[in-house]
Each structure stands twice: as C-alpha cells, then as structure tokens.
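Structural characterization, general
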Amino acid sequence: MTNNPTPNTITSTSTSTMLSMSTESTDADTTTATGTSNAIGAIGSKLTDMDLAKEALSRFLDEETCKGVTMTSTTGGVNNIVQYVTLPSGERRLLRIYNNGFDTQRVKFEHMVLEKLQEMEGDKFYFQVPNFLSAMDCDGSELPTMVQLSNGSQACMCTLIPGQLPKLSCARDIGRACGELNMALARLTPHISPSLCNCAPYADMYKVHHAITPEKFLETMQSSAFDHVRDTATRMTQETLDISERCQNKYKASLPTQLIHGDLHYDNVLVNKEEEKVTGLLDFEFCSFDWRALEMAISLSKYAGEEPDAMPYFDDFIDGYSETGELTLDEARAIPDLINLRILSNVVYFCGRAVAGEDDISSLTTRIENYEKRVNWIKEHGDEIVARIIDKMGLVVE
C-alpha cells in the first residue's frame, strides 16, 4: 500500500502532549455526516474524530511513545477506520476502530478465531494473518487484544504485514492461499461454537446488516437517491429478491457448511508482486459459519466482468485453489449462483449501513451499475465457469 499524506500537527484536547498526525485528503468526498456517524467518529471508513483516534492509541501505547506517533489513513476500505501508525522508533503498525454499529460480539468472534487460528495453524501458512497486540490495560481481560472506547466502539492494533494490494495481479497464488485458509478453517470448525458467531449466512439476505429488513431494503432502493440510476436500481432489486429465494430453496440443505473467512477477495490480500506471492490475508471481521464454497465464490466475484476478458483471472485463481482446496461437484455447480449471492448481498448490506447512519447511500449508488455488470457477466458465463472448475479440480461428472 502507498499513501501520499499531507502532514499536520494536532494538539490533544485531553492532554498536553502533541501527536504529529498525517491524514490523506480526498478530493471527491461526497459523503454526508449523520447523527450516528458523528457519534461513531467516522463516515464510512473516513475518520472524522481525531480525539477518538488518540484515545485508541493511548490504550495500546505509553504516553511517551504517543508523543511522537505519526498516523496516516490507509487507502481503500469501506467499513472501518484503519490507520497506519508509525512509532518514534520507525516501527509501523495498524490501528483499527470498528464502524460496525457497535457490534462488540462480532469483534470478539473475529479476535477469537484469529487467536485460535494462530495457535493451531499459524506456523503452517506461507502467508501471514493479522496478529493483534494486547492493550496496555488488559490484565485479566477475556480478549486483551480489543478495547472499548468512550463512544462505545471497539479498537485494536496489529503488526504491519508487508506487501501491497494485488488488484488483478497474482490471481493464481491468491487462489492457492484462499484454498489453504479454507482447509485450515475447516480443521478449526469443530473447536469453535457457532453460538458465538452473530454473523448471518449469506443466504439469510436480510440479516447481513442489523438495520435492514425487507421493507427497509425496498424503501431504500425506491428512494430518490437512486433516481439517476433508477432503471439499474429496479433491476438489481429484483435480482436480489430472486437470488435470495433461489439459494434458500436450492442449496440450503445440500452444500457443506464450515467456518469461512467470509470476505476474502483481492482487496483483503497483500502480495509481493515481484515474486507473485501472497504475503498476507486480512480482515476476518465477517468470519462466519456458512457454505464452504462461498470462499471461492467471494474471491471470484471481484474478477467478474473485468475488461477485456475476465476469464483468465478465473482460470488462474481456480488453478491455485485446486492445489490446496476442495470442492464437491454440487459445490462447483453452485458457484455462479454463489458469486451473484455475494455481489447482491453487498446491495443489501450498503442499504443497511445507510439506514443505520454508518455510511452514506452514495457508497451504493456509486457502485450499483458495476454490480449489475458483474451479475450479468456471471449469468452469461456461468456454464463456462462451472466447466472450468470441474476440469481443473478433477471432479467426476456421473
């Protein structure tokens, strides 16, 4: 990742110390603050309350270290506030403040999964996963790697994994890493109780966000915010209703279920582009018990519709996944529907964030035409995708 920050110095209102913080400006920021976003201290992933960030830093760093900390916003991301933190020693870390509707249980589950994954599988991976650091005042805490801030949100700090965002590069090794993680999470599944997870399966479309209901979804999609993309919004509303019903009826009782990452795609991966190798898999916040095949589908969803030809990315990813992961024939045949389930669940999710005031509806209106393009591409190429998965994974068609 690279940033081009503009430095500025901010005086703390709660102490007499100085924090030198760098913030990245955005020339095209169209988001609007709400009462909820002001309480959270962010609009989407954009930090709006520096005092909150300084409070979070003080929970993980001593006062002397905080005096010389430089903080820079990361690029990308739409949910949580994530900042690069450079210590006076030159060491770099990441600070995350969750913007998830104060969903403490989800944060607890993410941290628990990563703790157990590190214990059971960490030394087997050729890539890294997040390593959360203990807070300074964590004595006796059940999960010392997460803290609650004065506004009710959760915060954590982790070591910095080297690498850069791959975008369309390294698809084969991303597939290989995805398959390896999926198998590791399968081994971890018996050791974690589903009762601890409050992240709903993708097929339960109206549980992807706590603030959404079928009525709120339709109301939002029919609002004036979509007038400039009305035809697209109307079609995507129907696509969402159709895919939810189809997956519930067709796959709910037939596909294997296990613990999955739930959001593993190239924006949550770091790579060494020169070596074409994955260095890190990130953002386990949506880890849940769901259909195993969704791990592949979620990753492939980002390549759908890429110009001039998306299929080579599918081929490379499936090649890599076939080295380390597993699928049944039924799972392979479900992949096109599961890809579109993932894409369309984003439509519902961003409606929920807007309803809750966690983000502006522009996060969806600016994406919805791209979502439709990807959905249509998958519908057009679904049979070809299934045939290539069957071939590359050596599945037997009876």
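The following refers to the structure shown. Since we're looking at a predicted model, the values are computed, not measured.

**A look at the overall build of the protein chain**
When its secondary structure is counted, the protein chain shows twelve helices and 13 strands. Taken across its 398 residues, the protein chain has 56% of its residues classed as buried. Counting contacts in the protein chain only where the partners sit at least 6 residues apart, residues at least 24 apart contribute 77% of the total. Total accessible area on the protein chain stands at roughly 17,000 Å², and carbon and sulfur atoms take up 48% of it.

**Remarks on the nonpolar core**
If you look at the biggest cluster of nonpolar residues, it comprises 99 residues, and the most contacted ones within it are Met296, Phe314, Leu338 and Leu364. For this core, the element with the most residues is helix H10 (residues 329-356), which contributes 14 residues. Those residues within four positions of Leu338 in sequence are excluded, and the remaining contacts are Cys247, Tyr251, Leu255, Trp291, Ala293, Leu294 and Ala297. Of all hydrophobic cores here, the second largest spans 22 residues; its members include Leu52, Leu61, Leu95 and Met157.

**Examining helix H4 (residues 104-121)**
For H4, which comprises 18 residues, the first-to-last C-alpha distance of 25 Å matches the rise-based estimate of 26 Å (1.5 Å per residue) to within 8%. All of the buried residues in H4 are Arg106, Val107, Phe109, Glu110, His111, Met112, Val113, Leu114, Leu117 and Glu121. Against strand E7 (92-97), strand E9 (154-159), helix H5 (171-188), strand E10 (257-260) and strand E13 (288-291) lie the buried residues of H4.

**Section: the sheet that holds strand E5 (residues 70-73)**
In space, the five strands of this open sheet follow the order E5-E6-E7-E9-E8, with antiparallel pairing throughout. Across the chains shown, the open sheet's two edge strands, defined by having one partner strand only, are E5 and strand E8 (147-148). Across five bridges, the pairing between E7 and E9 is antiparallel. By the bridge assignment for E9, Leu94 is matched with Cys158.

**A look at the packing of helix H7 (residues 230-251) against H10**
The description of two helices packed together rests on the angle between their axes and the distance between the axes. Packing of H7 against H10 leaves a shortest axis separation of 9 Å and a crossing angle of 135°. What the angle tells us is that H7 and H10 run oblique. Crossing angle aside, the handedness with which H7 passes H10 is left-handed. Between H7 and H10, the residues in contact are Met236, Glu239, Thr240, Ile243, Arg246, Cys247, Lys250 and Tyr251 and Arg333, Ala334, Asp337, Leu338, Asn340, Leu341, Leu344, Val347 and Val348, respectively.

**Comments concerning the pattern of salt bridges**
Per the counting criterion, the structure on display carries 29 salt bridges. Across the pair Glu64 and Lys67 runs a salt bridge, and its minimum N-O distance is 3.3 Å. Of this pair, Glu64 and Lys67 both sit in helix H3 (residues 63-67), three residues apart, which is roughly one turn of that helix. Between Arg176 and Glu323 there is a salt bridge, with the nearest N and O atoms lying 3.7 Å from each other. Taken together, the residues span a long stretch of sequence, with Arg176 in helix H5 and Glu323 in helix H9 (residues 311-324) at a distance of 147 residues. Overall, the relative accessible area of 25% leaves Arg176 in the partly exposed class. If you follow the salt bridges from partner to partner, you end up with Arg172, Asp173, Arg176, Lys277, Asp319, Glu323 and Lys392 in one network.

**Quick look at the pairing of E7**
The side chains of a regular strand alternate between both faces of the sheet. In terms of residue burial, E7 counts as a mostly covered element, since five of its six residues are buried. Alignment of strand E6 (residues 81-86) against E7, held across six bridges, turns out to be antiparallel. Along E7, the bridge assignment pairs Val85 with Arg93. With antiparallel pairing between neighbouring strands as the criterion, E6 and E7 make up a hairpin whose turn holds five residues, including Gly90 at a positive phi of roughly 100°.

Calculation criteria
- Residue indices begin from 1 for each chain and proceed along its sequence in written order.
- Note on the predicted model: pLDDT of at least 70 is required for a residue's local features to be given, and 80 or more for side-chain atom pairs to be given and counted; whole-chain, interface and lining totals, by contrast, use all residues.
- Just so you know, side-chain values use all the structure's heavy atoms and leave hydrogens and water out.
- Numbering of helices and strands runs from the N terminus, with a helix taken as a DSSP run of H or I at least four residues long and a strand as a DSSP run of E at least two residues long.
- Using a 1.4 Å probe on the protein chains alone, a residue whose accessible area is under 20% of its type maximum counts as buried, one over 50% counts as exposed, and one in between counts as partly exposed.
- The contact criterion used is simple: two residues touch if any of their non-hydrogen atoms lie within 4.5 Å.
- The accessible surface values rely on the Shrake-Rupley method and a 1.4 Å probe; as for residues, cover is taken only from the protein chains in view.
- Nonpolar core, defined: a set of buried Ala, Val, Leu, Ile, Met, Phe, Trp, Tyr and Cys residues in which side-chain atoms within 4.5 Å join the residues together.
- Given the number of residues in a helix, its expected span is that number minus one, multiplied by 1.5 Å.
- Each pair of strands is called paired provided DSSP finds at least two bridges between the two strands.
- Whenever a helix is involved, its axis is fitted only over the stretch in contact; in every case the axis is a line through C-alpha atoms, and angles between N-to-C directions fall within 0 to 180 degrees.
- Note that the term roughly parallel is reserved for angles under 35 degrees, roughly antiparallel for angles over 145, roughly perpendicular for angles of 65 to 115, and oblique for everything else.
- Crossings are assigned a handedness: left-handed for a near helix turned anticlockwise from the far helix by less than a right angle, right-handed for a clockwise turn.
- Here, a salt bridge means any Lys or Arg side-chain nitrogen found within 4 Å of an Asp or Glu carboxyl oxygen.

Spatial relationships are all this shows, so hold off on functional conclusions.
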